[in-house]
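Given next are the chains, with one letter for each unit.
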Amino acid sequence: MHLKNTHKNYGLIAKTIHWLTAMLFLGSYMSVYYRHWFTEDKTPENWNAIQIHFSFGVTIAVFVLLRIIWRLMNTIPAEEPGTALEHKAARLGHYALYAIMIIMPVTGYLGTGVATEFFFMFDIEKFPNTWVFTQVIQEGLGISFETFEKPIDFIHKEILGAWLVWMLIAGHVMAALYHHLVRKDRTLKKMTVDRSERLSD
Ligand code: HEM
Ligand code: HEM
């Protein structure tokens, strides 16, 4: 298997980052909903669950940066047959997924008033203690953290986290399954393994 993408398939690095990111999304949802549904406020479980949520989110941010750099250095595997409109929709969907991989961690970090204990190994300074917040937002614009975080939290939790991200991911997974099961083309194989290629290797 190639490390870099080829004209036919995503390479090992793109595949690894793609599937790790998918697991990290699952983990960030599981941790935040576990916290909501199964823990009491101000207990160690409650704190650990949100810290895991932060840690998964920050890792997604790191991966998306690596992924964008890697994508720019690589060819993109050829699209399967489809209409111009379908190709446009697929590209738009992928850009939207890239957008949420950036916007979710950024809004999460900016709207959080405590430090991130990154997988309980080291701390990432909370945003209200950073130079950007104290000098630009608080001193420069005269906005308190309570006022600043409200709209950001609303975007992170109510608009994107609760709805849009789910819808985008569900649409993406359904499109992948539709290609695989109905169209029976190579879309999913490009991102996984193609057994017929393995046999002919
Ligand atoms: C891609 C990454 C992320 C995703 C998909 C995500 C998603 C979510 C979701 C779905 C919620 C709960 C919404 C609800 O209450 O219904 C939430 C809450 C929250 N997120 Fe994130 N998040 C991500 C990254 C982050 C990061 C990096 C931080 C901070 C460093 C963060 C901080 C928070 C906080 C403080 C809450 C509120 C917790 C609560 O009310 O229980 N998130 N996030
Ligand atoms: C079970 C879950 C998932 C499945 C089955 C899946 C499947 C796929 C497949 C088959 C492709 C290749 C599409 C093509 O080249 O036409 C792809 C690409 C992509 N996926 Fe997923 N995916 C999943 C989860 C996710 C998640 C959670 C994200 C991010 C939030 C994501 C983001 C992307 C992006 C951005 C691309 C485009 C890759 C590029 O060209 O850089 N996927 N996915």
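Worth saying up front: this structure is predicted, and the values here are computed from it rather than measured. (Residues numbered from 1 in each chain as written. Chains lettered and ligands numbered in written order. Predicted model: local features only at pLDDT ≥ 70, side-chain atom pairs only at ≥ 80, totals over all residues. Heavy atoms only, no water.)

### Side note on the coordination of the iron atom of ligand 2
Moving on, step 1. On the protein side, the iron atom of ligand 2 has His18 (NE2) and His172 (NE2) as donor atoms, found 2.0 Å from it.
Moving on, step 2. One can describe the site at the iron atom of ligand 2 as octahedral: its 6 donor atoms subtend angles covering 88 to 178° at the metal. Taken together, the residues span a long stretch of sequence, with His18 in helix α1 (residues 12-38) and His172 in helix α5 (residues 145-183) at a distance of 154 residues.
Moving on, step 3. Look at His18 and you get buried, because its relative accessible area is 13%. (Donors = N, O, S within 2.8 Å, 3.2 Å for Na, K, Ca; no water. Tetrahedral: all angles 85-135°; square planar, octahedral: opposite > 155°, others 65-115°. Helix = DSSP H or I, 4+ residues; strand = E, 2+ residues; numbered from the N terminus. Buried < 20%, exposed > 50% of the residue type's maximum accessible area, 1.4 Å probe, protein only.)

### So, the layout of surface pockets
Moving on, step 1. Taken as a whole, the largest pocket holds about 1500 Å³ of empty space.
Moving on, step 2. Along the wall of the largest pocket there are 48 residues; nearest its centre are His18, His94, Leu97, His172 and Ala176.
Moving on, step 3. Every element with two or more residues in the lining of the largest pocket is listed here: α1, α2 (44-72), α3 (84-110), α5 and α6 (187-191).
Moving on, step 4. Here the residues of the lining of the largest pocket sort into 29 nonpolar, 11 polar and 8 charged.
Moving on, step 5. Put simply, the second largest pocket is a space of about 1000 Å³. (1 Å grid on protein atoms, 1.4 Å probe; cavity = no way out; pocket = protein on both sides within 12 Å on 5 of 7 lines; lining within 4 Å. Points joined across faces, edges and corners; volume = space filled by probe spheres on them. Nonpolar A, V, L, I, M, F, W, Y, C, P; charged D, E, K, R; others polar.)

### Digging into the site of ligand 2
Moving on, step 1. Near ligand 2 you find 19 residues, and of these Tyr10, His18, Arg71, Tyr98 and His172 are the closest.
Moving on, step 2. For ligand 2, a nitrogen atom lies 2.8 Å from a polar atom in the side chain of His18.
Moving on, step 3. For ligand 2, an oxygen atom lies 3.4 Å from a polar atom in the side chain of Lys190.
Moving on, step 4. Under a 2 Å grid-point criterion requiring more than half of the atoms, the pocket assigned to ligand 2 is the largest pocket.
Moving on, step 5. Its residues assigned to classes, the shell around ligand 2 comprises 12 nonpolar, 4 polar and 3 charged. (Near = heavy atom within 4 Å. Polar contact = N/O pair within 3.5 Å; in protein donor to acceptor, adjacent residues only side chain to side chain. Sits in = over half its atoms within 2 Å of the grid points.)

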